Amino acid sequence: MARLMGQMMQMPLMISSLLVHAARHHGDTEIVSKRVEGDIHRYTYQDAELRARKLAQAFARLGCEPGDRVATLAWNGYRHFEIYYGASGSELVCHTINPRLFPEQIAWIANDAADKVLCFDLNFLPLVEKLAPQLSSVKHFVAMVGRSHMPAGSSIPGLLCYEDLVDGEDGVYRWPEFDENTASSICYTSGTTGNPKGAVYSHRSTLLHTYGLALPDGMGVGAKDVILPVVPMFHVNAWGTPYAAPMIGAKLVFPGPHLDGKSLYELMEAEKVTFSAGVPTVWLGLINFAQAGKLKFSTLRRTVIGGSACPPAMMRTLEDEFDVEVIHAWGMTEMSPLGTLSKLKAKHASLDAEAQRRILEKQGKVIFGVDMEIIDDDGASLPWDGKASGNLVVRGPWVIQSYYQRPESPLVKVNGRDWFPTGDVAAIDADAYMQITDRSKDVIKSGGEWISSIDLENIAMGHPAVLEAAAIACRHPKWDERPLLVVVKKPGADLTREQMLGYFEGRIAKWQIPDDVAFVSEIPHTATGKIQKLKLRELFKDHRLPTN
Ligand code: AMP
């Protein structure tokens, strides 16, 4: 029998359509940016769309052809936003590079991606000058500034001025429509082991991810929101917020490189920000600043915290002291990045506040589009009972199938289907809420039993004298590994090893309490603000735990 086909319009899902929609239906909604130069720039979606079109023309004039990579080394700002659309929208691939990586890693990544154009914020000029001779594929270097700020006498050959490129075009350009599976952007994983690997997103995967993100139980944002992504646009596309804001018509506020507590607080207040997103470490700075000055947020009502586990103490502080709802989220570069978010179900309405909190502290439930399983080392599914924990695998249209130019498949078979192994260890409860216990590499294995480093860190962070804490495995002659807690005290706070360990009594099983505490002035972080466990383990590899 002949199959009956649907008779709907064939419209490929295009990233450019997000900005066209915003320009047509939310034309006067603002995009406000704190620039590298320190001043504030403001314009509208209509302005942004026109300039993105001119940029697309400029890229073509530079000789870019479909599939060519346009790299960025840039903070969150309107020019970076224009590149997202000008590049992807004209069939080029936007490659955001994390400027906090080591210069050798940046060069390696740019060469691996064979970037043709490199656009950069002016404060990265010394870095780019140093790297330029190693970037053999880059044909054009573009400084993201106006003519008056162009550096004189730079060693970069033929350095171009961003504003000149835009001003040189007339904007008479129609966004092309092409196969929605075409690559739109590339992000490299942070690569804690081995070289970083590229995740290549498509127009289709990005649009589907954006729809999912905007759902009420996703980030739940709308046209009344003012969104300030603290998460950088070089960290998995600022978790999709530069796509979601135009889709829903929300005002966007970009903080540039000004990410300290004071700058963020002042920008949030001045621009009436209602919604934000970032890793736990940036909230530490913001909370400290607000607490020190006894300040409140007058408009900020919700924030997504993810990228690493949000300590429950941080959630409570934000909610109780500042009336800011925390949406705990989990995801990864390979997932565009969103996988799960913590939101309640109707059946939880009757629970008391404490019980609701315990649910919301988990990494949450999947957004439709992503599915998950936990499996044991033999690939068998584990029960969803909130107790069994195993390797977390995921699948969905915004989850990668392979890495850029890597022939080997990262996928594993579970029940006859392909799944992506996240490298995280998690439990899933009967209501389908997922809780991460660890990165598989970070689990502490004591006498064959697993101790969750995240559990230990969450407890330690609840102590009023603790600014930051990390739990790592330390070699132990009898138990193989035992936990060592590394602690940064709050400035001026008093805390002894005994007091810290005593704080764990009654909060966790006795055998899981760390064996020792090391006080340090700083905990190392990765380029995306996560605790660098590998480095910590190296630093403490000769640490001798007390023997009793
Ligand atoms: P990246 O691809 O660099 O964003 O790193 C992704 C990894 O960060 C995940 O696989 C997790 O190990 C970790 N991660 C992200 N969000 C969370 C979270 N809410 N809780 C615990 N770990 C997280």
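Residues numbered from 1 in each chain as written. Predicted model: local features only at pLDDT ≥ 70, side-chain atom pairs only at ≥ 80, totals over all residues. Heavy atoms only, no water.

K.L.:
An account of the environment of Ala309 is requested, with residue identities and associated values reported.
P.N.:
Along the chain, Ala309 turns up in the loop between strand S13 (302-305) and helix H11 (312-322). For the pair Ala309 and Leu252, spaced 57 residues apart in the sequence, the C-alpha separation amounts to 26 Å. Apart from residues lying up to four places away in sequence, Ala309 is in contact with Pro280, His328, Gln363 and Ile454. (Helix = DSSP H or I, 4+ residues; strand = E, 2+ residues; numbered from the N terminus. Contact = heavy atoms within 4.5 Å.)

K.L.:
Give me the site of the ligand: which residues, what numbers.
P.N.:
Around the ligand there are 15 residues in total, and Ala329, Thr333, Gln363, Asp424 and Arg439 lie nearest to it. Between the ligand and Ala309 there is a distance of 3.2 Å, counted from a nitrogen atom to a backbone nitrogen or oxygen. At a separation of 2.6 Å, an oxygen atom of the ligand approaches a polar side-chain atom of Asp424. Relative to its free-state accessible area of 500 Å², the ligand is covered by the protein chains to the extent of 92%. A per-element tally of the shell around the ligand places strand S14 (residues 325-331) first, with four residues. Broken down by class, the residue content of the shell around the ligand amounts to four nonpolar, eight polar and three charged. (Near = heavy atom within 4 Å. Polar contact = N/O pair within 3.5 Å; in protein donor to acceptor, adjacent residues only side chain to side chain. Areas by Shrake-Rupley, 256 points an atom, 1.4 Å probe, with all protein chains shown as cover. Nonpolar A, V, L, I, M, F, W, Y, C, P; charged D, E, K, R; others polar.)

K.L.:
Summarise the sheet that holds strand S1 (residues 30-34); cite the residues concerned and give the values.
P.N.:
An order of S2-S1-S11-S10-S12-S13-S14-S15-S16 is seen for the nine strands of this open sheet, with the pairing classed as mixed. A single partner strand is all that each edge strand has here, and the edge strands are strand S2 (40-44) and strand S16 (365-366). In terms of strand pairing, S14 meets strand S15 (residues 338-341) through three bridges, oriented antiparallel. Bridge pairing in S15 places Gly331 opposite Leu338. Relative to the sheet, helix H8 (residues 241-248) contacts strand S10 (226-229) and strand S11 (251-254), its axis offset from that of S10 by approximately 170°. (Pairing = 2+ DSSP bridges. Axes fitted to C-alpha atoms, helices over the stretch in contact; angles between N-to-C directions.)

K.L.:
Just give me the short version of the packing of helix H1 (residues 15-25) against helix H2 (residues 45-61), but keep the residues and values in it.
P.N.:
At their nearest, the axes of H1 and H2 sit 8 Å apart, and the two run at 140° to each other. Considered as vectors, H1 and H2 are oriented oblique to each other. The two elements H1 and H2 cross, and the hand of that crossing is left-handed. Across the interface between the two elements, Leu19, Val20, Ala22 and Ala23 of H1 pack against Tyr45, Gln46, Ala48, Glu49 and Ala52 of H2. By residue class, the composition of the contact of H1 with H2 is seven nonpolar, one polar and one charged. (Parallel < 35°, antiparallel > 145°, perpendicular 65-115°, else oblique. Left-handed = near helix turned anticlockwise from the far one by under 90°.)

K.L.:
Tell me what's going on with the sheet that holds strand S7 (residues 160-161), and back it up with residues and numbers.
P.N.:
Across the sheet, seven strands lie side by side as S7-S6-S5-S3-S4-S8-S9; this open sheet has mixed pairing. Each edge of the sheet is formed by a strand with only one pairing partner; in this case those strands are S7 and strand S9 (198-202). As judged from the five bridges shared by strand S8 (residues 183-188) and S9, these two strands associate in the antiparallel manner. Looking at S9, one finds that Cys187 is bridged to Ala199.

K.L.:
Tell me about the nonpolar core, and name the residues and values.
P.N.:
Counting residues in hydrophobic clusters, the biggest one holds 164 residues, and the most contacted among them are Phe59, Phe81, Ile83, Phe141 and Met500. The biggest single contributor to this core is H2, with seven residues. Residues Val486, Val488, Ile523 and Leu545 belong to the second largest nonpolar core, which totals 11 residues. (Core = buried A, V, L, I, M, F, W, Y, C linked by side-chain atoms within 4.5 Å. Buried < 20%, exposed > 50% of the residue type's maximum accessible area, 1.4 Å probe, protein only.)

K.L.:
So what's going on with the packing of aromatic side chains? Residues and values would help.
P.N.:
Taken as a whole and judged by the stated rule, the model has 12 aromatic pairs. On the numbers, 5.5 Å between centres and 90° between planes, the contact of Tyr173 with Trp175 is edge-to-face. The class of Tyr173 is partly exposed, set by a relative accessible area of 24%. On the basis of relative accessible area, Trp175 is assigned to the buried category, the value being 12%. Members of the aromatic cluster, each reached through a chain of ring pairs, are Tyr45, Phe81, Tyr84, Tyr85, Tyr243 and Phe254. Across the ring face of Phe519, the terminal group of Lys489 is positioned such that the distance to the ring centre comes to 4.5 Å. Above the ring of Tyr503, the side-chain terminus of Arg507 is found at 3.8 Å from the ring centroid. (Phe/Tyr/Trp six-rings, centres within 6.5 Å; stacked < 30°, edge-to-face > 60°. Lys NZ or Arg CZ within 6 Å of the ring centre and 35° of its normal.)

K.L.:
Kindly report on the side chain of Asp438, identifying the contributing residues and their values.
P.N.:
Following the sequence through the fold, Asp438 ends up in strand S21 (residues 434-439). It is Lys533 that comes nearest to the buried, bridge-free Asp438 among opposite-charge side chains, at 4.7 Å. A polar atom in the side chain of Asp438 sits 2.5 Å from the side chain of Ser453. Setting aside residues up to four positions removed in sequence, Asp438 forms contacts with Asp424, Val425, Val443, Ile444, Ile451, Ser452, Ser453 and Ile454. (Lys, Arg positive; Asp, Glu negative; His and termini not counted. Salt bridge = Lys/Arg side-chain N within 4 Å of Asp/Glu carboxyl O.)

Spatial relationships are all this shows, so hold off on functional conclusions.
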